[in-house]
Amino acid sequence: MDEWQLWWKNPENVTLYQFMAKDNVPFHSVIFPASLIGTEDNWTLVNMIDGIDWLQYEGTKFSKSRGIGVFGNQVMETNIPCDIFRCHLLLNRPETSDTNFTWESLAQTNNNILLNNLGNFVLRSLTFCKNSFGSKVNKVNLNSEDEHFHYPS
């Protein structure tokens, strides 16, 4: 089995979630799955579609064909870590109304939330560990009540 088939032709082992703008939901929830079913092949069908409002770019609609927006290759060229984009998009996901992506709002997320808030939290946590535990974090011994949590080893 080719690598792509491990995902697209493996419905017994794949749970497919799709996130898309509201205008794509009818095609991806009815027409495309019907086309796949019509082939009578063993395709992975979507299990859940999360239709969201539009994410606009600098006040206008994203358009790959017209080059309006920021896309994966452009994100890589900025040398801005992907996690900064992920954080910004998660915080500003257009769930109940259209949302506007701007480079200014991305910078504000980075500076105000990640650097100021998260950075301050990490600094305070490390300072607490240093002052309270001599810069050591002791091994945690789990008991039977902790079994329902997942702790990586």
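Computed from a predicted structure; not experimentally measured. (Residues numbered from 1 in each chain as written. Predicted model: local features only at pLDDT ≥ 70, side-chain atom pairs only at ≥ 80, totals over all residues. Heavy atoms only, no water.)

Caption draft 1: Main features of the nonpolar core. Judged by nonpolar contacts, Tyr57, Val70, Val75, Ile84, Phe85, Cys87, Phe101, Leu106 and Leu114 together constitute the single largest core of 9 residues. For this core, the element with the most residues is helix H4 (residues 82-91), which contributes 3 residues. Ignoring anything within four residues of it in the chain, the contact list for Leu106 reads Ile80, Ile84, Phe85, His88 and Phe101. (Core = buried A, V, L, I, M, F, W, Y, C linked by side-chain atoms within 4.5 Å. Buried < 20%, exposed > 50% of the residue type's maximum accessible area, 1.4 Å probe, protein only. Helix = DSSP H or I, 4+ residues; strand = E, 2+ residues; numbered from the N terminus. Contact = heavy atoms within 4.5 Å.)

Caption draft 2: Representation of the confidence of the model for the protein chain in the model. Overall, the prediction assigns the protein chain a mean pLDDT of 90, with 97% of residues at 70 or greater. Here helix H3 (residues 72-78) stands out as the least confident element of the protein chain, with mean pLDDT 87; helix H2 (residues 25-38) is the most confident, with 96. (pLDDT = per-residue confidence, 0-100.)

Caption draft 3: Local environment of the layout of surface pockets. One number sums up the size of the largest pocket: a volume of about 490 Å³. Forming the boundary of the largest pocket are 16 residues, of which Leu55, Phe62, Val70, Phe71 and Leu89 lie nearest the centre. For the lining of the largest pocket, the secondary-structure elements that each account for two or more residues are H3 and H4. Per-element accounting of the lining of the largest pocket gives the leading share, 3 residues, to H4. (1 Å grid on protein atoms, 1.4 Å probe; cavity = no way out; pocket = protein on both sides within 12 Å on 5 of 7 lines; lining within 4 Å. Points joined across faces, edges and corners; volume = space filled by probe spheres on them.)

Caption draft 4: Up close: the pairing of strand E1 (residues 16-21). Two strands pair when backbone bridges link them, and E1 and strand E2 (residues 46-52) are joined in this way by 6 bridges, in the parallel orientation. When the bridges of E2 are listed, Leu16 appears paired with Val46. Each parallel crossover has a hand, and for E1 linked through H2 to E2 it is right-handed. (Pairing = 2+ DSSP bridges. Right-handed = clockwise from strand over helix to strand, strands pointing away.)

Caption draft 5: How the structure looks around the packing of aromatic side chains. Enumeration according to the criterion identifies 9 aromatic pairs in this entry. Judged by centre distance (6.1 Å) and plane angle (35 degrees), the ring pair of Trp4 and Trp43 falls under tilted. Linking Trp4 in helix H1 (residues 3-8) with Trp43 in the loop between H2 and E2, this pair joins segments that are 39 residues apart in sequence. Relative to Phe62, the ring of Tyr57 lies with its centre 5.7 Å away and its plane at 65 degrees, an arrangement referred to as edge-to-face. The rings of Tyr57, Phe62, Phe71, Phe85, Phe101 and Trp103 are connected pair by pair, giving a single aromatic cluster. (Phe/Tyr/Trp six-rings, centres within 6.5 Å; stacked < 30°, edge-to-face > 60°.)

Caption draft 6: Spatial organisation of a nonpolar patch on the surface. Among the surface-exposed residues, Phe27, Val30, Ile31 and Phe32 lie close enough to one another that they form a single nonpolar patch of about 350 Å² accessible area. Within the element layout of this structure, Phe27 appears in helix H2. Residue Phe27 is classed as partly exposed on the basis of its relative accessible area of 39%. (Patch = residues over 30% accessible without salt bridge, like charges linked within 9 Å, V, L, I, M, F, W, Y side chains within 5 Å. Areas by Shrake-Rupley, 256 points an atom, 1.4 Å probe, with all protein chains shown as cover. Salt bridge = Lys/Arg side-chain N within 4 Å of Asp/Glu carboxyl O.)

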